[in-house]
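Residue-level listing of the chains:
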Amino acid sequence: MSQIILRPELVARVRLQVLYDVVRELVEAFSVDSPEQTASLIRKGVLEKPYFSAIHIYFLNGTGKRVGEATLQIDWNLHKVKIKSGETTYYVDPSPNKSIHEQISEIFPVLVRHVNKMKRVLGVKRTEVWYSWRREISDDEKRYQEARIELGFSAQNTRRPPDWAEARTDPLKDDDDDDDNDDIYLEYVAQSLQELRVVIKHNLRR
C-alpha cells in the first residue's frame, strides 16, 4: 500500500512578523554568540517596536580582529509603503523543517552557506552583534535614552566596532578607495521583501 503524504496547510502571516522572522533566522544562521539575548533584542527592536535600522554581525578571528561582517538593513519607510499599498500578508508553510527565510527567497540559504564557508576559511572564532538605531530615535536624546533603557543597554555607548584585520593588497584598487579593507562585497534584496537589504563583506585571507 502506498503511503500518502499530505502537504501542511499554508498559514497567513502579517508582513511585520515575516520581516522579523527572516531577520531573526538569518542572524541565528550566521551563528552569533549569546543567541537568546540577541533573539530577545531583535524581538524588542524589530517586532515589538521599530527601533533598529540595521543589525551588524561582526566575524572575529583569534586575535579579535574583524575579518568579515554581515549587515541586515531595514527600510522602515519602504515597509510602511508596502503595508499601505496592500502588501500585508504572506502565506507560509508552518512546518518546523521549513524556515521562513528560505520560503521568502531561495537566495537567503545561499548567503547562509557562503557565510558559513567564509567562517571556516577565515578561522572565525567568535561573533559580535551590534545595532544601529533609526534616526528618529538616535536624533531625539530623550527617546534614545528611553529606548536604550527599555532594551537593557547602558546609558552611554563609548565602544567602537572591532578593527578590521589586515586585508590582501590589491594592486588594481585605487589608494583612495574607502573600502580597501574589504575584498568581497555581496548585497541582496529579495523581491518579495524589499525593505530588507543584506550586505556581506569579508577579507580573502585571515
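Below is a summary of the structure that appears in this document. (Residues numbered from 1 in each chain as written. Predicted model: local features only at pLDDT ≥ 70, side-chain atom pairs only at ≥ 80, totals over all residues. Heavy atoms only, no water.)

**Focus on the nonpolar core**
Phe 108 and Leu 196 are the most contacted members of the largest nonpolar core, which totals 48 residues. Of all the elements, helix H1 (residues 15-29) adds the most residues to this core, at seven residues. Residues in contact with Leu 196, not counting those within four places in the same chain, are Leu 19, Val 22, Val 23, Leu 72, Gln 73, Ile 74, Phe 108, Tyr 188, Val 189 and Ala 190. (Core = buried A, V, L, I, M, F, W, Y, C linked by side-chain atoms within 4.5 Å. Buried < 20%, exposed > 50% of the residue type's maximum accessible area, 1.4 Å probe, protein only. Helix = DSSP H or I, 4+ residues; strand = E, 2+ residues; numbered from the N terminus. Contact = heavy atoms within 4.5 Å.)

**Some points on helix H7 (residues 141-151)**
Among the residues making up H7, those that are buried are Tyr 144, Gln 145, Ala 147, Arg 148 and Leu 151. One side of H7 holds all its buried residues, which, seen down the axis, span an arc of 160°. Among the exposed residues of H7, those oriented more than 90 degrees off its buried face are Lys 142 and Ile 149. Taken together, the buried residues of H7 touch helix H2 (35-48), strand S2 (52-60), strand S5 (126-133) and helix H6 (135-138). Where H7 begins, the side chain of Asp 140 points an oxygen toward the backbone nitrogen of Lys 142, at a separation of 3.2 Å. Positive phi shows up at Gly 152, right after H7, with a value of about 85°. (Arc of directions from axis to C-beta. Polar contact = N/O pair within 3.5 Å; in protein donor to acceptor, adjacent residues only side chain to side chain.)

**A look at the pairing of strand S3 (residues 66-74)**
As a general feature of sheets, a regular strand has side chains that alternate between the two faces. Across the nine residues that make up S3, a large majority, eight, are buried. Summarising the sheet, S2 and S3 pair through seven bridges and their orientation is antiparallel. Looking across to S3, one finds that Ile 55 is bridged to Leu 72. Where S2 hands over to S3, the hairpin turn is made up of five residues, of which Gly 64 adopts a positive phi near 85°. Two strands pair when backbone bridges link them, and S3 and strand S7 (residues 193-202) are joined in this way by seven bridges, in the antiparallel orientation. Directly across from Gly 68, in S7, lies its bridge partner His 202. (Pairing = 2+ DSSP bridges.)

**What to know about the packing of aromatic side chains**
Tallied over the full model, the rule gives eight aromatic pairs. Between Phe 52 and Tyr 131 the ring centres are 4.6 Å apart and the planes differ by 25°, which places this aromatic pair in the stacked class. Of this pair, Phe 52 sits in strand S2 while Tyr 131 sits in strand S5, and the two are 79 residues apart along the sequence. The same class applies to Phe 52 and to Tyr 131, which are both buried. Among the aromatic residues, ring-to-ring pairing joins Tyr 51, Phe 52, Tyr 131, Trp 133, Tyr 144 and Phe 153 into one connected group. Above the face of the Tyr 58 ring, Arg 66 is positioned so that its terminal group lies 4.4 Å from the ring centre. (Phe/Tyr/Trp six-rings, centres within 6.5 Å; stacked < 30°, edge-to-face > 60°. Lys NZ or Arg CZ within 6 Å of the ring centre and 35° of its normal.)

**Things to note about the pattern of salt bridges**
Between side chains of opposite charge, a pair can form when the charged atoms approach closely. Counting across every chain of the model gives 14 salt bridges. Between Glu 28 and Arg 24 there is a salt bridge; the shortest N-O distance is 3.8 Å. With Glu 28 and Arg 24 both in helix H1 and four residues apart, this pair spans about one turn of that helix. A relative accessible area of 40% places Glu 28 in the partly exposed class. One continuous salt-bridge network, built from bridges that share partners, spans Arg 13, Asp 21, Arg 24 and Glu 28. (Salt bridge = Lys/Arg side-chain N within 4 Å of Asp/Glu carboxyl O.)

Just distances and angles here, no functional claims.
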